[in-house]
Amino acid sequence: MIRLHDTALGRAAELELRDAGKVSLYACGPTVYGDPHIGHGRMVLVFDVLRRYLEWSGLEVRFVSNITDIDDKIIRRANEEGRTSSDVALQYEAAWYHAVDELGVKRPTVDPHATAYVEQMVELIAGLVAAGKAYETSDGVYLSVDAVPGYGLLARQPLESLRSGARVEVGEEKKSPLDFALWKKAKPGEPTWPSPWGDGRPGWHTECVVMSLDLLGEGFDLHGGGIDLAFPHHENERAQAVADGKQFARRWAHNGHVQMGGEKMSKSLGNFRTLTDLLELVDPRAYRLVVLQSHYRAPVEVTASTLEDAARRLNGLEAFARRVADLPRATADADALDRFRAAMDDDLDTPRAMAELAGLVRAANTALDAGDAVVAAPLAAAVDELTRAVGLQLSDGREDAVPAEVAALVAERDQARAGRDFAASDALRDRLDALGWRVEDTPQGTRVHRKDT
Ligand SMILES: [Zn+2]
């Protein structure tokens, strides 16, 4: 089983599954008020690689990642542009999925929207108020962090030192500087929902704790996101669960920052600021490769030169895939798969896994140069297997051209499977079959081949 660095423990620990063979994973999704940024891209790629690797290892992954569709920033943008908050949220949710789809990131099993959960949030808050763990002020309802044993777990700091770094702003009615809003009472020009404390809306930290527990249940396996979210967002999610007497995530994984540096952008690549810009300039797989070549907890440099370097490596991998396309089918080299597994199980050491991959390519090329297809074939099969395991789709230049109609059915079928609608998925397979396409289910989703080839 994989070992991952647990932010709460401050060390690596084996992922212990609540339910044998099944992984329950939550990663905080975007607040949809603008184009996704480069850091979002890293986060989704890191968790996509983790999810794909776990699935490749034979585990069933239930991956929940939310859409925060009500928030100060959404409201501000809506008011500035004279639009509704939901209009803004819909626009940028579409921008989000456009970008993450381009990155080849698998859609979450479920992507709950905060606005669909407000009633349950009100229920949680009412329970915390009744238990004396939260209190009402003139502008909202706050959680009393003094009522939470172990507050500071994810900050890796005791309550006292956190408290000394915080202060109550003038005009605030909080009892302690670390207390945070569960409910925000309505201000003019804001969308609102009813509550026992008057109309208002939930605080961000309340959204994720309610959605994750609802969709994954108590004691789910792993909660993750960018390191910036560890404190206060994740700390405060956890605080509410603890105050409510619930077991929250058993493990915590956080990915490091993106550094874009002050480097001058190259002429060939142009300038990029957001993820959307970047994806117009480079092959999205180059960004995946940049992410894979750095350890997920370390900072990663996303610059013209790191992206161009990755694009060159990608070309090299595809040249290799074309070179080995006609080799006889072989079973992937077992030792190579073991070494890959050992690297990935060691706190998702993707740089080591990528070095392993590069070594396999070199060894297979050497064998081919010597005319030894028997030695090259299992190595090439391992390259194919490993690139798929980390979500790098290489083209060997002879894929069947898939007509748009067929591609649309394939996408529909992947959606049905993600939603566990197997009746719909089977019906779509029959339709594809009738159109002359053989359907193969892979961890990467539905693949189709013309039946006559
Ligand atoms: Zn969250």
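Nothing here was measured: the structure is a model prediction, and the numbers come from that model.

Caption draft 1: Representation of the overall build of the protein within the structure. A count of helices and strands for the protein gives 15 helices and 14 strands. C-alpha atoms of the protein, sized along the principal axes, occupy 80 × 50 × 50 Å. For the protein, the proportion of its 453 residues judged to be buried stands at 51%. By sequence separation, contacts in the protein at least 24 residues apart represent 75% of the contacts at least 6 residues apart. With 54 positive and 72 negative side-chain charges, the protein shows a separation of 2 Å between the mean positions of the two kinds.

Caption draft 2: Structural detail: the coordination of the zinc ion. Coordination of the zinc ion by the protein involves C28 (SG), C208 (SG), H233 (NE2) and E237 (OE), with metal-donor separations of 2.1 to 2.7 Å. In this structure, the zinc ion is coordinated by four donor atoms arranged in irregular fashion, with angles at the metal of 72 to 128°. Coordination of the zinc ion draws on donor residues from a single chain, spaced C-x179-C-x24-H-x3-E in sequence. Placement of the pair is C28 in the loop between β3 (22-27) and α1 (38-56) and C208 in helix α6 (residues 204-216), with a sequence separation of 180 residues. Taking relative accessible area as the criterion, C208 reaches 1% and is therefore assigned buried.

Caption draft 3: Structural detail: the sheet that holds strand β6 (residues 140-143). Spatial strand order, β5-β6-β7-β8: four strands in an open sheet with antiparallel pairing. Pairing within the sheet leaves two strands with one partner each, and these edge strands are β5 (134-136) and β8 (200-202). Mean inter-strand twist for the sheet, computed between neighbouring axes without regard to direction, equals 20°. Both strand β7 (residues 180-185) and β8 contribute to a ladder of three bridges, which runs antiparallel. Across the sheet, the residue bridging to K185 is G200, located in β8.

Caption draft 4: How the structure looks around helix α14 (residues 404-418). A rise of 1.5 Å per residue sets the reference length of α14, with its 15 residues, at 21 Å; its end C-alpha atoms lie 21 Å apart and thus fit the reference within 8%. The set of residues buried in α14 consists of V406, L409, V410, R413 and A416. Relative to the axis of α14, the buried residues are bounded by an arc of 120° and lie together on one face.

Caption draft 5: Unusual backbone geometry, seen in detail. The peptide bond linking F231 to P232 adopts the cis configuration, its omega dihedral lying at 5°. In this fold, P232 is placed in helix α7 (residues 230-243). Despite not being glycine, R156 shows a phi value in the positive range, around 55°. With respect to the secondary-structure elements, R156 resides in the loop between β6 and α5 (159-164).

Basis of the calculations
- Residues numbered from 1 in each chain as written.
- Predicted model: local features only at pLDDT ≥ 70, side-chain atom pairs only at ≥ 80, totals over all residues.
- Heavy atoms only, no water.
- Helix = DSSP H or I, 4+ residues; strand = E, 2+ residues; numbered from the N terminus.
- Buried < 20%, exposed > 50% of the residue type's maximum accessible area, 1.4 Å probe, protein only.
- Contact = heavy atoms within 4.5 Å.
- Lys, Arg positive; Asp, Glu negative; His and termini not counted.
- Charge placed at Lys NZ, Arg CZ, Asp CG, Glu CD.
- Donors = N, O, S within 2.8 Å, 3.2 Å for Na, K, Ca; no water.
- Tetrahedral: all angles 85-135°; square planar, octahedral: opposite > 155°, others 65-115°.
- Pairing = 2+ DSSP bridges.
- Axes fitted to C-alpha atoms, helices over the stretch in contact; angles between N-to-C directions.
- Expected span 1.5 Å × (residues − 1).
- Arc of directions from axis to C-beta.

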